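# Architecture and fold: a report
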Amino acid sequence: EKRYLKLKKKKIRYFLPFISAIICMAVIFFFSSQDGEKNNNLSIAVTERIAGIIFDNLDIQSDGTQYYVIHNMHIIIRKIAHFALYAILGAVTYTAAHSLKKDFKKCFAVSLGFPLIYAAADEIHQIFTDGRTARLFDVFIDELGAAAGSVITFAVIACIDYLEKNNGIRKK
């Protein structure tokens, strides 16, 4: 019974990063599949909510001021969303690669290469979606996000490995 549970736990730990990567890619695909108007309306609503939190009295400002703030924040928030989603994809891809092979160079190659290919394919997909366009700059931001997620994940795994090897105590 204990051996079965231990084996089951090990399998879950092994497959979880792959499942997480698929879920992350599905979320990215969902947002990319929205037509331009629907996607824009969603991100404007998120931006308005964030602007309302950051700026206490935005609602009493002139329409021109409100538009200026929302418009400029909207651009930034969309790029942050790109970065964040691909940082997650980079992290789970690194983790998945690490579960197969402990070689950090190969893990980085996979965790940078795969999101780059997915980002490029996603931008091409947007060409065929009403009201959407492909932007090379978005692929660049996506790849920066994947790199950040990969580096953070590498650092966390390296720290955990170090602590496990040294029983939490640094050897002299």
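Numbers given for residues are sequential positions, taken from 1 along each chain in its written order. In view of the model being predicted, local features appear only for residues whose pLDDT reaches at least 70, and side-chain atom pairs are presented and counted only at 80 or more, with totals across whole chains, interfaces and linings using the full set of residues. As a rule here, side-chain values cover all heavy atoms of the structure and leave hydrogens and water aside.

### Thoughts on the packing of aromatic side chains
Each pair of aromatic rings taken from Phe, Tyr and Trp, with Trp reduced to its six-membered ring, is defined by centres within 6.5 Å and is described as stacked if the planes are under 30 degrees apart, edge-to-face if over 60, and tilted in the remaining cases. Within the structure shown, the criterion is met by eight aromatic pairs. Ring plane angle 65° and centroid distance 5.3 Å describe the contact between Phe-30 and Phe-31, whose orientation is recorded as edge-to-face. Buried means the residue's accessible area, taken with a 1.4 Å probe over protein chains only, is under 20% of the maximum for its type, while exposed means over 50%, and partly exposed covers the values in between. Judged by relative accessible area, which is 48%, Phe-30 ranks as partly exposed. Look at Phe-31 and you get partly exposed, because its relative accessible area is 31%. Ring pairs connect the aromatic residues Tyr-94, Phe-104, Phe-108 and Phe-154, which therefore count as one cluster.

### Topic: the confidence of the model for the protein chain
In the predicted model, the protein chain carries a mean pLDDT of 89, and 92% of its residues have values of at least 70. Averaged pLDDT values for the elements of the protein chain fall to 84 in helix H1 (residues 2-33) and rise to 95 in helix H4 (residues 104-127). As a per-residue measure, pLDDT reflects the predictor's confidence and takes values from 0 up to 100. Put simply, DSSP H or I for four residues or longer makes a helix, DSSP E for two residues or longer makes a strand, and each gets a number counted from the N terminus.

### Side note on helix H5 (residues 136-165)
Compared with the 44 Å implied by 1.5 Å per residue over 30 residues, the 43 Å span of H5 between its first and last C-alpha is a close match. What H5 keeps buried is the set Asp-138, Val-139, Ile-141, Asp-142, Glu-143, Gly-145, Ala-146, Gly-149, Ser-150, Thr-153 and Ile-157. The first or second residue beyond H5 is Asn-167, which carries a positive phi of 50°. Take the residue count of a helix, subtract one, and multiply by 1.5 Å to get its expected span.

### Describing the environment of Asp-103
Mapped onto the fold, Asp-103 is located in the loop between helix H3 (63-100) and H4. A sequence separation of 63 residues divides Asp-103 from Asn-166, and the C-alpha atoms of the two residues are 20 Å apart.

### Brief notes about the layout of surface pockets
Cavity and pocket criteria rest on a 1 Å grid covering protein atoms alone: a 1.4 Å probe that fits but cannot get out defines a cavity, protein on both sides within 12 Å along at least 5 of 7 lines defines an open pocket, and an atom within 4 Å of a point defines a lining residue. Grid points are joined across faces, edges and corners, and a volume is the space filled by probe spheres set on the points. Quantified by volume, the largest pocket comes out at close to 500 Å³. What lines the largest pocket is a set of 13 residues, and nearest its centre among them are Arg-13, Thr-95, His-98, Ser-99 and Lys-102. Elements with a contribution of two residues or more to the lining of the largest pocket: H1, H3 and H5. For the lining of the largest pocket, the element with the highest residue contribution is H1, accounting for five residues. In this model, the second largest pocket occupies a volume close to 430 Å³. Phe-31, Arg-78, Ala-81, His-82 and Leu-85 are the residues nearest the centre of the second largest pocket, which is lined by 19 residues in total. Within the residue set of the lining of the second largest pocket, elements represented by two or more residues are H1, helix H2 (36-54), H3 and H4. When residues in the lining of the second largest pocket are grouped by element, the largest group, eight residues, is from H3. Of the residues belonging to the lining of the second largest pocket, the class tally is ten nonpolar, five polar and four charged. The residue classification treats Ala, Val, Leu, Ile, Met, Phe, Trp, Tyr, Cys and Pro as nonpolar and Asp, Glu, Lys and Arg as charged. All others, Gly included, are polar.

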